[in-house]
Amino acid sequence: MSTTTRRSFLTDWTVVVPVVALVALVFSWGRDLPGFAVALVALCLAGAVLAAVHHAEVVAYRVGEPFGSLVLAVAVTVIEVALIVTLMADGGDKTASLARDTVFAAVMITCNGIVGVSLLVGALRNRVAVFNPEGSGAALATVATLATLSLVLPTFTTSKPGPEFSTAQLTFAAVASLALYGLFVAVQTVRHRSYFLPVDTGGGAADGEEHADPPTARAALVSLALLLIALVAVVGDAKAVSPTIERAVAAAGLPQAVVGVIIALLVLLPETLAAVRAARRDRVQTSLNLAYGSAIASIGLTIPAIALASIWLSGPLLLGLGPIHMVLLALTVVVSALTIVPGRATLLQGGVHIVLLAAYLFLAVSP
């Protein structure tokens, strides 16, 4: 690497920002921050999220689809799991429903928000957004099954009072979630990989993008290392500002579930940006891979992690959804199925999903 190239690398914002965010984490960890410090940490947090998107896309471009979508989905879920566990470890009984609220928010944001925006961008570009119904349908079926097993059934089980699983039931849900996630990854990346590749307007396989050479193996490894640094910074900085978020939510008189919504919006920002960029490049299938892959990873990895953490976490673990959220989940699954089956979507389908997300956010604030 030449001196000029090295200097350019060291001054690149995607390199500098994760390191600065990590430094902010070191100085803010475990401290009660004043207002200006919270603002600085939040700024570092936003920069780390954007840097994570960049480095995840570099790695994704190197490994190709659908592996690239998988890399970002798993990375984002690691952020989510770490945030949930750390907040539950410090919050006691008041965070009993945090895992449920965050996971359900992630499902609604991915299946309605990311999908809706991606379809809107794709339809605005080509009048009709085209994707592969086989792959997207399989992903949607996995999301629906995971959500029902982990978030709906606890409301109706009778082994424990309230929307809770017993220890045996939670263990089964965790094992089933991991098994379904592993099976989906195997189908997506090996057995039926072609189902998850982008398609052109005629429904055939899309041509590869030739406008730029893929990054070298060394560049991909550097981006992978910086991605990990950015993710650690995001988790730590979000933990540092979370008390301020919780106090603001309480001061505004909003339900505690709003905290879970804010966490999900935060950790899914990289996915949203990456999905919109893919849709703008006529890669709507990649956008759907990101959306449904994140929803699957969110449930399939978070529930086992929370089940394991419940061994040492005190207090109840509320997983069952209430009536309003169950209705929204059922409506989301039905609408999503009608959207996916044809393999083509217009502005209308994108708009319907956006309205569903808006309804969820409004009811989260005003239940």
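Above: the structure in question.
Our subject in this report is the structure included herewith. Keep in mind that what you see is a predicted model, and the values were worked out from it rather than measured. (Residues numbered from 1 in each chain as written. Predicted model: local features only at pLDDT ≥ 70, side-chain atom pairs only at ≥ 80, totals over all residues. Heavy atoms only, no water.)

**Details of the overall build of the protein**
Counting its regular elements, the protein contains 13 helices and two strands. Taken over C-alpha atoms, the radius of gyration comes to 20 Å for the protein, in line with the 21 Å a tight globule of 367 residues would show. Along the first, second and third principal axes, the C-alpha atoms of the protein reach 60 × 50 × 35 Å. Burial analysis of the protein (367 residues in total) assigns 50% to the buried set. For the protein, the share of sequence-separated contacts (at least 6 apart) that also reach a separation of at least 24 residues comes to 85%. Here the protein has roughly 16200 Å² of accessible surface; of this, 69% comes from carbon and sulfur atoms. (Helix = DSSP H or I, 4+ residues; strand = E, 2+ residues; numbered from the N terminus. Rg over C-alpha atoms; globule rule 2.2 N^0.38 Å. Buried < 20%, exposed > 50% of the residue type's maximum accessible area, 1.4 Å probe, protein only. Contact = heavy atoms within 4.5 Å. Areas by Shrake-Rupley, 256 points an atom, 1.4 Å probe, with all protein chains shown as cover.)

**Structural notes on the packing of aromatic side chains**
Applying the stated criterion across every chain yields a total of two aromatic pairs. Between Phe 104 and Tyr 360, the ring centres sit 5.5 Å apart and the planes meet at 80°, which makes this aromatic pair edge-to-face. Of this pair, Phe 104 sits in helix H5 (residues 98-126) while Tyr 360 sits in helix H13 (residues 347-365); the two residues are 256 residues apart in sequence, bridging distant segments of the chain. A relative accessible area of 1% means that Phe 104 is categorised as buried. A residue is classified by how much of its surface remains accessible, and Tyr 360, at 2% relative accessible area, is buried. Geometrically, the ring pair formed by Phe 184 and Phe 196 is edge-to-face, given 5.7 Å between the ring centres and 90° between the ring planes. Taken together, the residues span a long stretch of sequence, with Phe 184 in helix H7 (residues 167-191) and Phe 196 in the loop between H7 and helix H8 (217-251) at a distance of twelve residues. (Phe/Tyr/Trp six-rings, centres within 6.5 Å; stacked < 30°, edge-to-face > 60°.)

**Some details on helix H12 (residues 323-340)**
With 18 residues, H12 should cover 26 Å at 1.5 Å per step; its first-to-last C-alpha distance of 26 Å lies within 8% of that length. Of the positions making up H12, those classed as buried are His 325, Met 326, Leu 328, Leu 329, Thr 332, Val 335, Ser 336, Thr 339 and Ile 340. Summarising the contacts, the buried residues of H12 are in contact with H5, helix H6 (133-152), helix H11 (284-309), strand S2 (344-345) and H13. (Expected span 1.5 Å × (residues − 1).)

**Some thoughts on unusual backbone geometry**
The general pattern is negative phi for most residues beyond glycine and trans for most peptide bonds. Within the chain, Arg 127 stands out as a residue other than glycine whose phi angle is a positive 70°. Examined against the element boundaries, Arg 127 turns out to sit in the loop between H5 and strand S1 (129-130). Phi is positive for Asp 282, close to 65°, though the residue is something other than glycine. Relative to the helices and strands, Asp 282 resides in the loop between helix H10 (269-280) and H11.

**Concerning the pattern of salt bridges**
Inspection of every chain in the model, using the stated rule, returns three salt bridges. When the shortest N-O distance is used, the salt bridge between Glu 164 and Lys 160 registers 3.4 Å. In this structure Lys 160 comes out as partly exposed when scored by relative accessible area, which is 33%. (Salt bridge = Lys/Arg side-chain N within 4 Å of Asp/Glu carboxyl O.)

**Some words on the environment of Pro 198**
Assignment of secondary structure puts Pro 198 in the loop between H7 and H8. As a C-alpha pair, Pro 198 and Leu 120 span 78 residues in sequence and 17 Å in three-dimensional space.

**A few points about the environment of Val 15**
Counting through the fold element by element, Val 15 comes out in helix H2 (residues 13-28). For Val 15, a relative accessible area of 11% corresponds to the buried category. Sequence separation between Val 15 and Ala 230 is 215 residues; the distance between their C-alpha atoms is 9.3 Å.

**Side note on the packing of H12 against H13**
Between two packed helices, what matters for the description is the angle formed by their axes and the separation of those axes. Running from amino to carboxyl end, H12 crosses H13 at an angle of 170°, the nearest separation of the two axes being 11 Å. Between H12 and H13, the angle falls in the class roughly antiparallel. Of the residues in H13, those in contact with Ile 324, His 325, Leu 328, Leu 331, Thr 332, Val 335, Ser 336 and Thr 339 of H12 are Gln 349, Val 352, His 353, Leu 356, Tyr 360 and Leu 363. (Axes fitted to C-alpha atoms, helices over the stretch in contact; angles between N-to-C directions. Parallel < 35°, antiparallel > 145°, perpendicular 65-115°, else oblique.)

**Comments concerning H2**
Given a rise of 1.5 Å per residue, 16 residues ought to cover 22 Å, and the 22 Å separating the end C-alpha atoms of H2 matches this to within 8%. Restricting attention to buried positions, one finds in H2 the residues Thr 14, Val 15, Pro 18, Ala 21, Ala 24, Leu 25 and Ser 28.

Take it as geometry only, folks, not as evidence of what the structure does.
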